[in-house]
Every structure is written in structure tokens, then in C-alpha cells.
Amino acid sequence: MSVDVMEYDLLMSSLAKKSDADDAVSMSRLLAVLVLTVAVTVAELVLAQVTHSITLLVLVHQNIYNVITLVVSCVTRVKGERSLKNTFGWRRMEVVGSIASLVFLFSLCFATMIEALQTVFHTDHLDTMHHPEWIMLLVGSNLAVWLVSFFVIGGYSYNQSKAVRQDKPNRRELETVSACSSFMKKTRVADVTRDLCGCVFTFLTCSLVYYQVVTEDYSAYLDPIISMIYIVFLIWTCVPLVKASCLILLQTIPGNVEVSLLKKFLLQKFPGILALHEFHTWTFTPGTLVLTGHIMYQNEQVYTEIHGQVETFFNSQGFSQVTIQPEFPPSGDPSQEDISACTLKCKSEECGERTCCKDQETKCLH
């Protein structure tokens, strides 16, 4: 693979970071959607208690989750601004808030699942759903609020996934992005399906009960059974968000970074670099990549000449936080052993076992 081809592939991988910055949502839009969502959620919560609809109650839980994520997004906009008071870690609040709100949603769904099971086995003395026509009208209002959120912030699920997920684009996506509008870039079938599943399941339940599609003996089982299907589907669609949040909090290698390709490119692009050691990269927040490493240069003069170019290259690839420790070989004509060894190893035996360069013979390009 040529250097030019590798550089093109690396630039493609860094596109996600730049596109996220372009899709930033203003505070006023978030607040507008938040107010509308809170209003429809309160109305649905009251009606769920009046009509005893379990499916509508699950929709309320999903809307409460949406409200929490919107609040976290608003707080992140305020606390994420750089200042002496707002520390570096505040910018990770949206990721932490995502996993916390998902755990809260799962807890609500678990309690509602138990309630649905009790209703299935005790329909003879438990109050089942009634007034389905009222619920259908409120579901229509919920759909109207979602349409507003879709045109303003791209939809609830899009906003939630953007907080934790950073996809790796391919060549075809690059061509599509340049031709499509910003609105079409937000459209994702999975996100739309996740947002509208609650309205679909709730409206389906009300329609079956209102038009008496099944006999009266089985009509009481429709609401709890459909609500359980809704809960399973909702949790299944949340799994990717849980996985993405955990990968960021565990500081794993970003999915849009090819570490081996990046190292190979550096060695070919900059002949003054002899070796790379203690090379680590992780996602601090989606669009904020961190990179640390030891780079062995040929000598101090080469370091002075190309170090700025190396840092500029890392910044162009989306690494906004770069920490490079320069190293130099012990002699002007270093051997392969000198190049492979880490010259700035930990001198203490206790901490030496915790580093990735434990043996001088080990080449630390991992």
C-alpha cells in the first residue's frame, strides 16, 4: 500500500470527528424539544393511570428516558465549556448520563414487565385497559412532538446515539455526504424505528381493543402481551448504546482508528522516526480522540525539524489531545536492539511490570 493511499484511508477515518462538530445542536433547540417532551410525558403519565394501559405506561418510560437525555445534553452544553471551574471531565457527562439513563430505563421496564405478567395471570380481578380512544388521541400528540424533534434535533434516538457513537465512514458514505443536505445526513432507519416503536405498539393495542378485533375473553390479554413485546424490542434497540457508552468509559481503541495503519504510515511518511513505543489512543468523548506515545527520532535536530509536522498530522486525523514523548537512540548509529528498546522505561521494578514495554527485546508497536 502506497503512502498516498494510506493517507487517504486515514483521512476517511477521521471524517466522523469533523462531521460531529458540524451537527452540533444549539441550546435553544434542545430546550424547545425538552419543554414539548415534558408536556406530552406528563399528559401520558396521567392518562396511563386513568386508563390502566400498560403499553402507554411503557411509552411514558421511554419519554422519561428521552427527557433525561435532553437534560443531560443541556447540562453538557453549559458544563462542557472550558474554564477554570469546569474541569476536563465535565465534557464526559453526556457519556456517563447516557449509561445512567439507560440503567434507569431498564429498571422501569423491568418493573413494568412484572406488572404485565401479573395482569396476564390475574385478569379476573385486575383492572385492565379502557378508554382506548383517549389514548389514540394522545398518541397522535406524541407523534406530533416527535416530528418537531426530528426536524429540530434529528430525533431523540439520533441525539442519544450521537452522544456516544462514532461511526467509521466508507468511501461511498464520503461521496454521499458531499451531495446530501444536513437534514438527510441525520436520517437513520434504526433511529426512526426506535423513536416510533412506542407510538406504533400503543396505537396497535388501542385499535385492537377499540374495534374489538378479538373476542372479549381475549381482549384483556392484548395490552399486557403487546406491552411485553414492546419492552423487549425497546431494550434490544438500547443494546448498541450501552455497548458504545461502555467502550468509551473503558477507554478502548476508537472504532474509526486503524492503529496498525497509523503506525505504518508514520514510519513511511516521516523517515526521521525510528520507532514507536507506548502508543495508546482512546475516545474521550465522540469526536474527541486522545493519543499518547513515545516516538524515537534519529537525533535532536530531526526532532526539531519534523515534530511540528507530526503533531499537525495527528490533529488532522481527529486527535485533539496529543501527548508525545520524544526519545533518541543512545548512539548515532543505533542497532536494531537500540531501536526496539524503550529508552525512557520506568526505573522502579514495581512499576516496570505495569508498562507495555517490559522487555528491551520487545518491539512495542502494538
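Remember, predicted model here, so these are calculated numbers, not experimental data.

Quick look at the overall build of the protein
A count of helices and strands for the protein gives 15 helices and three strands. Burial statistics for the protein: of 366 residues in total, 45% are counted as buried. A separation threshold of at least 6 residues defines the contact pool for the protein, and within that pool the share at least 24 residues apart is 76%. Approximately 18,900 Å² of the protein is accessible, and the part contributed by carbon and sulfur atoms is 61%.

Side note on the nonpolar core
Formed by 32 residues in total, the largest nonpolar core has its most connected members in Leu 56, Leu 105, Ile 135, Val 164, Tyr 230 and Leu 234. Among the elements of the structure, α3 (27-51), α4 (54-79), α5 (93-121), α6 (132-153), α10 (189-210) and α11 (216-249) are those that each provide at least two residues to this core. Looking at this core element by element, the count peaks at nine residues for α11. When residues no more than four places from it in sequence are discounted, the contact partners of Ile 135 are Leu 47, Thr 51, Ser 53, Leu 56, Met 129, His 130, Thr 202 and Cys 206.

Side note on unusual backbone geometry
Phi is positive for His 131, close to 55°, though the residue is something other than glycine. Take His 131: it is sitting in the loop between α5 and α6. Phi is positive for Gln 251, close to 55°, though the residue is something other than glycine. Turning to its location among the elements, Gln 251 is positioned in the loop between α11 and α12 (259-269). Accessibility expressed as a relative area gives 40% for Gln 251, which makes it partly exposed.

A look at the side chain of Asn 142
Note that Asn 142 resides in helix α6. The contact partners of Asn 142, leaving out residues within four places of it in the chain, are Val 40, Glu 44, Leu 59, Asn 63 and Cys 199.

A short note on the pairing of strand β3 (residues 319-327)
Pairing of strand β2 (residues 288-297) with β3, which is carried by eight bridges, proceeds in the parallel orientation. Within β3, the position partnered with Met 296 by the bridge is Glu 327. Between β2 and its parallel partner β3, the chain crosses via helix α13 (residues 300-316), and the hand of that crossover is right-handed.

Structural notes on the environment of Phe 319
Residue placement: Phe 319 occurs in strand β3. Residue contacts for Phe 319: discarding those within four places in its chain leaves Val 257, Leu 262, Thr 281, Leu 289, Val 290, Leu 291 and Phe 314.

Here's the deal with the sheet that holds β3
Judged by pairing direction, the sheet is mixed, and its three strands sit side by side in the order β1-β2-β3 without closing on themselves. The open sheet is flanked by β1 (273-285) and β3, the only strands paired with a single partner. Pairwise comparison of adjacent strand axes, ignoring direction, gives a mean angle of 15° for this sheet. Across nine bridges, the pairing between β1 and β2 is antiparallel. If you follow Ala 275 over to β2, its bridge partner there is Met 296.

The rules behind each value
Residues numbered from 1 in each chain as written. Predicted model: local features only at pLDDT ≥ 70, side-chain atom pairs only at ≥ 80, totals over all residues. Heavy atoms only, no water. Helix = DSSP H or I, 4+ residues; strand = E, 2+ residues; numbered from the N terminus. Buried < 20%, exposed > 50% of the residue type's maximum accessible area, 1.4 Å probe, protein only. Contact = heavy atoms within 4.5 Å. Areas by Shrake-Rupley, 256 points an atom, 1.4 Å probe, with all protein chains shown as cover. Core = buried A, V, L, I, M, F, W, Y, C linked by side-chain atoms within 4.5 Å. Pairing = 2+ DSSP bridges. Right-handed = clockwise from strand over helix to strand, strands pointing away. Axes fitted to C-alpha atoms, helices over the stretch in contact; angles between N-to-C directions.

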